[in-house]
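Residue-level structural notes
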Amino acid sequence: HLWGQQQENGAWLWLEFGLSPWEADAAFYGASLAALAVGMAGKDYFEHADVQPKVAALKKYLITQFPSQRLHHRAVALWASSKLPGIVSEKDGRHVIDELLNAQEADGGWSLPKLGKKTTGKAAWASHGAFPEGVVSDGYATGLAVLSLKSAGVLPSPLRGKGDDGIGKGVRWLVAHQQKDGT
């Protein structure tokens, strides 16, 4: 069904109801999720002769659209590239890793508004509330950043021999802010 809905440009039509990051200017986000799913299906699937042209169109779309995307969308593509090789170059991957690490908040987490910035630094998403009040980072952005960085091979801070930053601090933020019900 996925391939039957693929557009000629390699992407898919996407919901546009304005809910950032999932429904606002998010065709690249959707294509990155498709790449993640295809990659998780395994090499035997994505290298199959019937699927290769469709995967090639998907990769071409992601590669050509990557530079203009918001950090959030590029982080999802970075995660997907750990499952489907060839959608993020090594250079672009290193750049996203650096951007994610530089976007980390002082409290150790990440915030969706910072991930919403475009490569030009304009048009970041606004925060629509924080819990508890006054918290800068959020669980979604922090979880995505940690997952993307870890999938790209970034090691927790103590293993990298650097200060207390990056994945280790992000994981500690998630643990410290998890509710008793698991949320």
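Calculation rules
- Residues numbered from 1 in each chain as written.
- Predicted model: local features only at pLDDT ≥ 70, side-chain atom pairs only at ≥ 80, totals over all residues.
- Heavy atoms only, no water.
- Helix = DSSP H or I, 4+ residues; strand = E, 2+ residues; numbered from the N terminus.
- Expected span 1.5 Å × (residues − 1).
- Buried < 20%, exposed > 50% of the residue type's maximum accessible area, 1.4 Å probe, protein only.
- Axes fitted to C-alpha atoms, helices over the stretch in contact; angles between N-to-C directions.
- Parallel < 35°, antiparallel > 145°, perpendicular 65-115°, else oblique.
- Left-handed = near helix turned anticlockwise from the far one by under 90°.
- Contact = heavy atoms within 4.5 Å.
- Nonpolar A, V, L, I, M, F, W, Y, C, P; charged D, E, K, R; others polar.
- Phe/Tyr/Trp six-rings, centres within 6.5 Å; stacked < 30°, edge-to-face > 60°.
- Polar contact = N/O pair within 3.5 Å; in protein donor to acceptor, adjacent residues only side chain to side chain.

A word on helix α2 (residues 27–41)
- With 15 residues, α2 extends 21 Å from end C-alpha to end C-alpha; this agrees with the ideal 21 Å at 1.5 Å per step.
- Along α2, the residues classified as buried are F28, Y29, G30, A31, S32, A34, A35, L36, V38 and G39.
- Once α2 finishes, G42 follows within two positions and takes phi at roughly 105 degrees, a positive value.

So, the packing of α2 against helix α4 (residues 52–65)
- At a minimum axis distance of 10 Å, the contact between α2 and α4 shows a crossing angle of 135 degrees. It follows that α2 is oblique to α4 by the angle criterion. Here α2 runs over α4; the crossing is left-handed. Of α4, the residues touching α2 (which contributes A27, F28, A31, S32, A34, A35 and V38) are V55, L58, Y61, L62 and Q65.
- Broken down by class, the residue content of the contact of α2 with α4 amounts to 10 nonpolar, 2 polar and no charged.

As for the packing of aromatic side chains
- Under the definition given, this model contains 5 aromatic pairs.
- Where W14 meets Y29, the ring centres are 6.0 Å apart and the plane angle is 85 degrees; that geometry is what we call edge-to-face. In this pair, W14 sits in the loop between α1 (2–5) and α2 while Y29 sits in helix α2, placing the two residues 15 residues apart along the sequence.
- A relative accessible area of 31% places W14 in the partly exposed class.
- In this structure Y29 comes out as buried when scored by relative accessible area, which is 9%.
- Here a set of aromatic residues connected by ring pairs shows up, and it is made of F28, Y61 and F66.

Here we look at the packing of helix α6 (residues 90–103) against helix α8 (residues 139–151)
- At their nearest, the axes of α6 and α8 sit 11 Å apart, and the two run at 145 degrees to each other. Handedness of the crossing formed by α6 with α8: left-handed. Counted together, I97, L100 and L101 of α6 and A145, S148 and L149 of α8 form the full contact between these two elements.
- Its residues placed into classes, the contact of α6 with α8 shows 5 nonpolar, 1 polar and no charged.

Regarding the side chain of S111
- Tracing the chain through its elements places S111 in the loop between α6 and α7 (112–115).
- Judged by its relative accessible area of 5%, S111 falls in the buried class.
- Of note is the side chain of S111, whose polar atom sits 2.9 Å from the side chain of E105.

Description of α8
- Between the first and last C-alpha of α8 there are 18 Å, a value that for 13 residues agrees with the 18 Å anticipated at 1.5 Å per step.
- Within α8 the residues assigned to the buried category are A141, T142, L144, A145, V146, S148 and L149.
- Where α8 is buried, its residues touch α5 (71–81), α6, α7 and α10 (166–177).
- Just downstream of α8 lies G153, where phi reads positive at about 95 degrees.

Here's the deal with the environment of S137
- Looking at where S137 falls in the secondary structure, it is placed in the loop between α7 and α8.
- Assessed through its relative accessible area of 5%, S137 is described here as buried.
- Sequence spacing of S137 and L112 is 25 residues, and the spatial spacing of their C-alpha atoms is 7.6 Å.
- Side chain to side chain, S137 and D107 meet in a polar contact 2.5 Å long.
- Reaching out from S137, the side chain makes a polar contact with the backbone nitrogen of W110 at a distance of 3.4 Å.

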